[in-house]
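Geometric and topological summary
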Amino acid sequence: MADGDTLLLTDNMVDGTPSDTIIVKGNKFSYSGECSKETALCMVYSAKRNEINAAFIREPGEISIKLSETPGASRVGGTPCNNEWQRLNDSVMSIGIEINRIAEQIYGNNVSQEKQQQGMEQIDKLNQRFAKVVIAATEKNIDNEFGYFLLTYYPEELIDNSTRLKLINKLPDERRKRPAIQQIEANIQLTAKTSEGATIPNFSQLTPDDKPLSIMTEVEKNKVTILDFWASWCGPCRQEMPFMLQLYEANKNRGLGIVGISLDKDKNAWVSAIKNLKLPWPQMSDLKYWDNDVAKAFNVTSIPHTIVVDQKGKILRRGLRGEELKAFIESELNK
């Protein structure tokens, strides 16, 4: 980067809306201010080249950041949380690289269904390894701010609710009383009402042609139904659609149904994605983005997310993806 180039600073990790700008001078940049004790994930990135970026944890102290144009080569440190953040990223980088390599192979090329399934199985195993590393790091740092940060940052797919509650119980009293932790505990209690074994309420949202769709009218048609929470702007959601299409086509005549519940806010983008991805199953949304009423009722905090229900709306499993989802669906349909 040259003198006068602009860096953008953001603490919005959903869409990257910048909160401030920094000007590069003499191959260096600096920024200062006051922050609370509570940690938060932020990012600094080039206004011209978004691939030049670094995610760091905002906390009191002098944070050092080295930006590189090589993916994964930027470095952060200087404060306790950022030192641990870099250490964690280093330990999982090889897992992330391997996941991306496999994903490019099975989604970017014309590969056989068998090869695609093998790739999905490999990705699932790598995600499990990733989760174990994150949970171990959280437990190791549970008495400091980094452990608190990991508890509040990673979703249920990486730190399941049972494990999260055990870790929350180990937090120092001051951190356990913080609003973010109290909200997590409240969300877990809410999830319990929509956990496996519970029966879903008969909710409705609008279809792409602006007609209300009652969920139970769809659920009652099928032996098993997947509620698929997704969005047109969600890259991982779109990557999984070829797999979901294969699963649906192989089992739709055996009693499998799928209903898409979108967290979109732009109707045109939502409708276009349905058309481009050639999704044949019913779709619904209230176009409220993360404030989607159904997603909030089911405490869906990350997507893609699946909820499998039986013909009466009883929740059989939550959060399954890839080969785990396929194996469970086939097992249920064989009963």
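Structure first, text after, so check above.
In short, a report on the structure. (Residues numbered from 1 in each chain as written. Predicted model: local features only at pLDDT ≥ 70, side-chain atom pairs only at ≥ 80, totals over all residues. Heavy atoms only, no water.)

**Thoughts on the nonpolar core**
- If you look at the biggest cluster of nonpolar residues, it comprises 46 residues, and the most contacted ones within it are Ile200 and Phe229.
- Of all the elements, helix H8 (residues 235-251) adds the most residues to this core, at six residues.
- For Phe229, the contacting residues outside a window of four places in its chain are Ile261, Leu263, Val294, Ala295, Phe298, Val300, Ile303, Pro304, His305 and Ile307.
- Counting 43 residues, the second largest nonpolar core, distinct from the first, contains Cys81, Ile142, Tyr148 and Leu158. (Core = buried A, V, L, I, M, F, W, Y, C linked by side-chain atoms within 4.5 Å. Buried < 20%, exposed > 50% of the residue type's maximum accessible area, 1.4 Å probe, protein only. Helix = DSSP H or I, 4+ residues; strand = E, 2+ residues; numbered from the N terminus. Contact = heavy atoms within 4.5 Å.)

**Some thoughts on the packing of aromatic side chains**
- Enumeration over the complete set of coordinates arrives at 11 aromatic pairs.
- Aromatic pair Trp233 and Tyr289: ring centres 5.4 Å apart, planes at 70°, arrangement edge-to-face. Separated by 56 residues along the polypeptide, Trp233 in the loop between strand E9 (224-230) and H8 and Tyr289 in the loop between strand E11 (283-284) and helix H10 (293-297) bring together distant segments of the chain.
- Classification of Trp233 by relative accessible area gives partly exposed; the value is 37%.
- Ring geometry for Tyr248 versus Trp281: centroids 5.3 Å apart, planes at 70°, classification edge-to-face. You can see Tyr248 sitting in helix H8 and its partner Trp281 sitting in the loop between helix H9 (267-277) and E11, a full 33 residues away along the chain. Here Tyr248 matches Trp281 in class, with each residue buried. (Phe/Tyr/Trp six-rings, centres within 6.5 Å; stacked < 30°, edge-to-face > 60°.)

**Focus on the pattern of salt bridges**
- Going through the model one piece at a time under the given rule, you end up with 19 salt bridges.
- The shortest N-O distance in the salt bridge between Arg75 and Asp90 comes to 2.9 Å. With a gap of 15 residues between them, Arg75 in strand E6 (residues 75-77) and Asp90 in helix H1 (residues 80-107) connect regions that are remote in the sequence.
- The exposure class of Arg75 is partly exposed, given its relative accessible area of 37%.
- Judged by its relative accessible area of 36%, Asp90 is partly exposed.
- Glu139 is the partner of Lys170 in a salt bridge, and the nearest nitrogen-oxygen pair spans 2.9 Å. Residue Lys170 is located in the loop between helix H4 (161-168) and helix H5 (173-176), and its partner Glu139 is located in helix H2 (residues 113-140); the two are separated by 31 residues in the primary sequence.
- The partly exposed category is assigned to Lys170, whose relative accessible area is 48%.
- One connected set of salt bridges, linked through shared partners, spans Glu145, Glu174, Arg175 and Arg178. (Salt bridge = Lys/Arg side-chain N within 4 Å of Asp/Glu carboxyl O.)

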